[in-house]
Structures are given as C-alpha cells and as structure tokens.
Amino acid sequence: MTTGAPRDALPSVGVDGPAAEHWYARLGVPTLVNAAGRWTRLGGSVMAPEVLDAMLDASHHYVDMFTLRERVGRRVAELTRNEAACVTPGAAAGVVLSLLACRTGADPACVVQVGEGRACPAEVVVYRAQVGPYRPGIVLAGAIPVEIGNRQETHAADFEAAINDRTSAVLYVAGATRRDGALSLDETIALAHGRGVPVVVDAADQLPPVSNLWRFTCELGADLAVFSGGKDLGGPQASGLVVGARPLVDAINLHASPNERIGRPFKVGKEEMVGLVAALERYVSLDEAGRRARWDYVLSRWEAQLSSLPDILMRREPTGSAGQLVPRLVLWREPAWSDRAVERIVERLLRGDPPVAVGWSGRHALALTPEMVSDDEVGVVAHQLHEMLLQLEFDE
Ligand SMILES: *Cc1c(COP(=O)(O)O)cnc(C)c1O
C-alpha cells in the first residue's frame, strides 16, 4: 500500500455510527457462513489482504491501460507458465472472448467485420453432456452451438461429422464430473487439431490443483484455457484469465477493452488487473499440502460434531462437485430424505441466524465444503446443521 491509510477506514457517505463500518449491514444484506462452495451467487470468494492492498494501490493512480494490459498479460503468463495470457471480467467473459478470437484470429480486418456483424457464420462444437449452462456464451460470441453426442456417450465419428469449414472452435468444459458422455480432452484435442480447429477449455472452477493453470494448455495441448479469478484463486470476484497460445491471446486483445470493438463491454478495470496478478502471485506460492491438511481437520471436526445425530450417515469425498481437489463431507439419512427434504434443509439453513449456505450431492444428500469456512465458523456450521436436523426429525 502506498498511502498508509488504515485498511478498515471506509469512506463515509453521510451515515455515522457503527452501521457505517459495515457496508452489507448498511445495505440490509445479511452475510452468510459459506460451507457450500465458491459459487458466484454466494459471492465467489473473499480476497486476501495482499490482493485488497494491490487493488487499493492500483486505484490511486492513472495509467495507460494498453501498457498496463500488456505488462499484466506478460506477468500472468509467467506466473501460469504459459506463452501468453490476458485478464477478463470473469471466466464466462473469457470464454466469449476466446471464441471470438478463434473466429477471427489476429486479423484486424476480420476483427472489425465481426464487430460490425458482417462476418461469416461460425460454429462451435460442444458436447451435449457438458454444455448446459454455458451455451449462451457461444451465442454471445456470434457462433452457432453444434451439440454432439448425448448425455451417455459421444463417438469420434460424431465429432468428425460435426466439423466443417464453418467450425471455428471446440469448447470443452473441464472437470472430472463432466467427463461422462464426452470424449476425453486428450482425444478431443487430437481430433480437433487433426482438422485444424482450436480447442478452448472452460476450466473456470478447475482449481486446485494449481498445476491446472498450465496443464490444459502446456501439457495437454489445448489452445486456450479459461479460469475464474473469483473462485479458488481468491482474486476479485469480477475477474478471470485466459491463458495459452499467443496469436489467440493477441486476437482477444484486439477485440477487448480498451479497444472500442465487440469485446469492449467486457471491460477490466486497473484494480481487477492488478488484483488478479497479486492473487496469482499468492496462489502459486500457497502450500497445497497445508491447505489440504486444514480442510481434513475441518471435516473431522464436523464429523465429530454431527456424529450423534440419529440415522445420519456421513462419508468424505476427496473432490468437490466439479472434480476440483477440495474434499467434501457428504451427509445422508437412512431411511432416505424425501426429494423435497434436502431442498428444505438448504433453504432453512439459509434463513437461519446466522445464515449458513450448504451444498448438496444428488437429490438425497447434503454436502459441506471446508474451504471458505473460517476457524470461528466451523463450529457454527455444525451447530446450525445439528439443530436443523433434530428439528426436522421432530417435524416429520
Ligand atoms: C464459474 C464457472 C463459469 C463462470 O465463471 P465466472 O468467473 O463467474 O464468469 C464458467 N464455467 C464454469 C465451468 C464455471 O464453473
């Protein structure tokens, strides 16, 4: 920090007293204990002090945004061991910009054409088993989604048949829990490259492990990989990064802000750029084994505190809901809860005091994630859940 201002000194907007110290309270928004996950709708992640310091520092000065973007890209590439990189306002925006880059390459004339809606139609091939909530990003990039296979399986022949001279990219949504029904990323890359088509990996939630920052691109050979800055990286919630091949990153930079082209609505502020660099610097030096030991410790405390509940069974899962390397505690009941019961428990915990967010696994089990829970909150999660489950027994 360059100013020496105390970090907790918030600007006053004409409200005095203790309420002015807490923006969420001033706005009437309860804060949550988050044992659910790094979900966008729960606020993504909270930033470490060094990330906040970096953003505050960045906010004090004017800079040339093209120069900043270039230097930040270089530093992000270095930290993620990639040839090139850029910062985006989230992974979803990163996917759109990546798909735009695949349509045009770094040809300025083509970039202008796309901005004016004059470019030829483009198609993006995706697995029906993976695409779900991410389909609109393809449409926003001006391309037609071509879905292949079904939820159970896709054959190489389906893939081959979908590729034609309008195909601009293949979009692959990474994650162990999204593999069923799709070809492997390895095979996808081999088939796509065999036809001269680039592969974009949506890896928004695929951290940890940190090595995924370079694995999809440098080791597996994908052309671009996209990550959220506001999930496990602990950067600004509205940030993301794209890493990979330099010509495609150059193309993203042609489309994107501060250029007045089609990517201009995806503006990244100087604070987010600098904050994301600080978050990455912190992230690549984190002790992964130490983090895992803490998570295991949190899970054992929950197991101990919940073990006296009647009819409740628990098991540890080594990975999170998208296959990322964060363990979870899965809880279910025998005899099983009804379909509605799990939903009701989740809703009631969110309306509790304090509100606690928990996740679920399938339709009949709850799932607790340790990462976002502070030491003080570990006992709160178990207590609220314990009370709720006893109450539920009583109600039924
Ligand atoms: C979270 C997520 C996104 C969106 O990321 P943002 O950074 O919130 O834009 C996209 N794809 C997947 C698979 C995600 O998990």
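Keep in mind that what you see is a predicted model, and the values were worked out from it rather than measured.

Asker: Mind showing me how you'd approach the side chain of D205 here?
Answerer: Mapped onto the fold, D205 is located in the loop between β6 (199-202) and α10 (212-219). A polar atom in the side chain of D205 sits 2.9 Å from the side chain of Q206.

Asker: What's the story with the packing of helix α4 (residues 91-104) against helix α5 (residues 108-115) in this structure? I'm lost.
Answerer: Between two packed helices, what matters for the description is the angle formed by their axes and the separation of those axes. Packing of α4 against α5 brings their axes to within 9 Å, and their N-to-C directions diverge by 125°. Taken as axis vectors, α4 and α5 run oblique relative to one another. The way α4 lies across α5 gives a crossing that is right-handed. Contacts from L100, R103 and T104 in α4 reach C110, V111 and V114 in α5. Across the contact of α4 with α5, the residue classes tally to four nonpolar, one polar and one charged.

Asker: What am I meant to see in the nonpolar core here?
Answerer: In terms of nonpolar packing, the biggest core is built from 44 residues, with F159, V201, L213, F227 and L241 touching the most fellow members. What F227 contacts, discounting residues up to four positions off in sequence, is A91, A203, A204, L207, N212, L213, F216, G240, L241 and V243. Formed by 32 residues, the second largest nonpolar core is a distinct cluster that contains V96, V131, L248 and I252.

Asker: Even after reading the chapter, I still don't get a nonpolar patch on the surface, so can you show me in this structure?
Answerer: Residues W23, Y24, L27 and V29 make up a contiguous nonpolar surface patch of about 410 Å² in total accessible area. Position of L27 relative to the elements: it lies in the loop between α1 (23-26) and β1 (33-35).

Asker: What am I meant to see in the pattern of salt bridges here?
Answerer: When the charged atoms of two side chains lie near each other, side chains of opposite charge can form a pair. In this structure the tally under the stated criterion is 23 salt bridges. What emerges from the salt-bridge pattern is a single network uniting R38, D232, R291 and E371.

Asker: Explain the sheet that holds strand β4 (residues 143-148) to me, please; I cannot follow it from the model alone.
Answerer: The pairing of strands in a sheet happens through backbone hydrogen bonds and is either parallel or antiparallel. The seven strands lie next to each other as β2-β8-β7-β6-β5-β3-β4, forming an open sheet whose pairing is mixed. Either end of the sheet is taken by a strand with one partner, and the two such strands are β2 (84-88) and β4. Averaged over all adjacent pairs, the angle separating strand axes in this sheet is 25°, with direction ignored. Relative to strand β5 (residues 167-173), strand β3 (residues 122-127) is paired through four bridges, and the arrangement is parallel. The partner of E123 across the bridge, within β5, is T167. Packing of helix α3 (residues 65-79) onto the sheet brings it into contact with β2 and β8 (240-244), and relative to β2 it is tilted by some 115°.

Asker: Sorry, what's going on with α10 here?
Answerer: An α-helix turns once every 3.6 residues. As a result, residues three or four positions apart point the same way. Buried within α10 are the following residues: N212, L213, W214, F216 and T217. Those residues of α10 that are buried lie in contact with α3, α9 (185-194), β6, β7 (224-228), β8 and α12 (270-284).

Asker: Is there a simple way to explain the site of the ligand in this structure?
Answerer: Surrounding the ligand, one finds T40, G90, A91, A92, Y134, V173, R178, D202, A204, D205, S228 and K231. Taking K231, its side chain carries an N or O atom lying 2.8 Å from an oxygen atom of the ligand. In isolation the ligand has 380 Å² of accessible area, and contact with the protein removes 84% of it. Grouping the amino acids of the shell around the ligand by side-chain chemistry returns five nonpolar, three polar and four charged.

What counts, and at which threshold
- Residues numbered from 1 in each chain as written.
- Predicted model: local features only at pLDDT ≥ 70, side-chain atom pairs only at ≥ 80, totals over all residues.
- Heavy atoms only, no water.
- Helix = DSSP H or I, 4+ residues; strand = E, 2+ residues; numbered from the N terminus.
- Polar contact = N/O pair within 3.5 Å; in protein donor to acceptor, adjacent residues only side chain to side chain.
- Axes fitted to C-alpha atoms, helices over the stretch in contact; angles between N-to-C directions.
- Parallel < 35°, antiparallel > 145°, perpendicular 65-115°, else oblique.
- Left-handed = near helix turned anticlockwise from the far one by under 90°.
- Contact = heavy atoms within 4.5 Å.
- Nonpolar A, V, L, I, M, F, W, Y, C, P; charged D, E, K, R; others polar.
- Core = buried A, V, L, I, M, F, W, Y, C linked by side-chain atoms within 4.5 Å.
- Buried < 20%, exposed > 50% of the residue type's maximum accessible area, 1.4 Å probe, protein only.
- Patch = residues over 30% accessible without salt bridge, like charges linked within 9 Å, V, L, I, M, F, W, Y side chains within 5 Å.
- Areas by Shrake-Rupley, 256 points an atom, 1.4 Å probe, with all protein chains shown as cover.
- Salt bridge = Lys/Arg side-chain N within 4 Å of Asp/Glu carboxyl O.
- Pairing = 2+ DSSP bridges.
- Near = heavy atom within 4 Å.

Geometric values such as these leave the question of function open.
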